Amino acid sequence: MISDSSLKKAVVLLSGGLDSATVLAIARAQGYETYALSFSYGQRHAWELEAAKRVAASMGAARHRIATIDLRVFGGSALTADIDVPKGRVPDEMSHGIPITYVPARNTIFLSFALAWAEVLVASDVFIGVNALDYSGYPDCRPEFIEAYEKMANLATKAGVEGCQHLKIHTPLIAMSKAQIIAKGLELGVDYALTSSCYDPGPIGAPCGACDSCLLREKGFSENGIEDPLKADN
């Protein structure tokens, strides 16, 4: 896609999941030229990167980059180590404690890459799909984390120190339920059939239907009175 110099640029973290696809649509609707950033970090659900490619193309991202890092060298998560992904948990279980699917410092790392690309692009806006309601207890999805990171980010770059850039981290989903996120995405034309949310998908991306992410997704679609298009396809 050809860059439009008349638009403000924004880096959008794009996992390929439901939330990040919605955030990409929101950034576009707000008039930003979007630069989608995904990560191949050794995750067991690497199929999400195929979804990210589809979503970025569908949403007209000016560029889509996939950064490769390997968080398996640290492990400590069911997504990056030989640890079973929890299945069949009820909402009360999800709302207590930090689950083993938490990847240590993942959003801190991802935002650092986004900050670097934003500086190169001369962009002052980064969008991330963190959520403090249906978030499965992840500490790096909380408003206080984002606030602290944004403050740090503006002290961390040449552009920030020289006054050329004042970075803003946008979290449009942070106070929304999964049902509200889906409703917003549908309003903006997001095709959720292109996304992938499962932590433990099959070889060609079929969702397991039982991990926390699948269950929260199913709940969101159900509360909107519609069927998940991925469920219909499988």
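The structure presented is a predicted model; accordingly, all values stated were derived computationally and were not measured.

Draft legend 1. Broad picture of the nonpolar core. Counting 38 residues, the largest nonpolar core has Val 11, Leu 13, Leu 37, Phe 39, Tyr 41 and Leu 111 as the members making the most contacts within it. If you list the elements that add at least two residues to this core, you get strand E1 (8-13), strand E2 (32-40), helix H4 (106-121) and helix H5 (143-153). Per-element accounting of this core gives the leading share, seven residues, to H4. Here Tyr 41 is in contact with Glu 48, Ile 69, Asp 70, Leu 71, Arg 72, Leu 79, Thr 80, Val 103, Arg 106 and Phe 110, once residues within four sequence places are set aside. Of all hydrophobic cores here, the second largest spans 26 residues; its members include Leu 14, Ala 52, Tyr 192 and Phe 221.

Draft legend 2. Summary view of the pairing of E2. A large share of E2 lies buried, amounting to eight of its nine residues. The pairing of E1 with E2 spans six bridges and is classified as parallel. Residue Val 12 lies in a different strand from E2, and its bridge partner there is Ala 36. In this view, the connection linking E1 to its parallel neighbour E2 by way of helix H1 (residues 18-29) has right-handed handedness. Of the strand pairs in this sheet, E2 and strand E3 (residues 63-68) are connected by six bridges, and their pairing is parallel. For Phe 39, the partnering residue across the bridge sits in E3 and is Ala 67. Handedness of the E2-helix H2 (residues 48-58)-E3 crossover: right-handed.

Draft legend 3. Just the packing of H4 against H5, in detail. Between H4 and H5, whose axes approach to 12 Å, the crossing angle comes to 35°. When you trace H4 past H5, the crossing you get is right-handed. Contacts from Asn 107, Thr 108, Leu 111, Ser 112 and Leu 115 of H4 reach H5 at Phe 145, Ile 146, Tyr 149 and Ala 153. The residue makeup of the contact of H4 with H5, split by class, is six nonpolar, three polar and no charged.

Draft legend 4. View of empty space enclosed by the protein. Tallied over the full model, the rule gives one cavity of 30 Å³ or more. What lines the largest cavity is a set of 34 residues, and nearest its centre among them are Ser 15, Asp 19, Arg 106, Gly 129 and Tyr 199. Of all the secondary-structure elements, those providing two or more residues to the lining of the largest cavity are H1, E2, H2, H4 and helix H8 (212-223). Of the residues in the lining of the largest cavity, the class split is 15 nonpolar, 13 polar and six charged.

Draft legend 5. Layout of helix H7 (residues 178-187). Taken as a whole, H7 has its buried residues at Lys 178, Ala 179, Ile 181, Ile 182 and Gly 185. Projection of H7 onto a plane perpendicular to its axis shows the buried side chains occupying an angular sector of 160°, all on one side. For H7, the secondary structure elements touched by its buried residues are H1 and H8. Gly 189 lies just past H7 and shows a positive phi near 85°.

Draft legend 6. View of unusual backbone geometry. The backbone of Ala 105 sits at a positive phi, close to 60°, despite the residue not being glycine. Relative to the helices and strands, Ala 105 resides in the loop between helix H3 (91-94) and H4. Judged by relative accessible area, Ala 105 falls into the partly exposed class, the value being 34%. For Val 122, which is not a glycine, the phi torsion comes out positive at approximately 55°. Secondary-structure assignment places Val 122 in the loop between H4 and strand E4 (125-127).

Draft legend 7. Expanded view of H2. Glu 48, Leu 49, Ala 51, Ala 52, Val 55 and Ala 56 are the residues of H2 that are buried. The buried side chains of H2 occupy one side of the element, clustering within an arc of 150° when seen end-on. Summarising the contacts, the buried residues of H2 are in contact with H1, E2 and E3. At the C-terminal side of H2, Gly 60 shows a positive phi close to 70°.

Reading the values: the criteria
Residues numbered from 1 in each chain as written. Predicted model: local features only at pLDDT ≥ 70, side-chain atom pairs only at ≥ 80, totals over all residues. Heavy atoms only, no water. Core = buried A, V, L, I, M, F, W, Y, C linked by side-chain atoms within 4.5 Å. Buried < 20%, exposed > 50% of the residue type's maximum accessible area, 1.4 Å probe, protein only. Helix = DSSP H or I, 4+ residues; strand = E, 2+ residues; numbered from the N terminus. Contact = heavy atoms within 4.5 Å. Pairing = 2+ DSSP bridges. Right-handed = clockwise from strand over helix to strand, strands pointing away. Axes fitted to C-alpha atoms, helices over the stretch in contact; angles between N-to-C directions. Left-handed = near helix turned anticlockwise from the far one by under 90°. Nonpolar A, V, L, I, M, F, W, Y, C, P; charged D, E, K, R; others polar. 1 Å grid on protein atoms, 1.4 Å probe; cavity = no way out; pocket = protein on both sides within 12 Å on 5 of 7 lines; lining within 4 Å. Points joined across faces, edges and corners; volume = space filled by probe spheres on them. Arc of directions from axis to C-beta.

Geometric descriptors of this kind do not, in isolation, establish any biological role.
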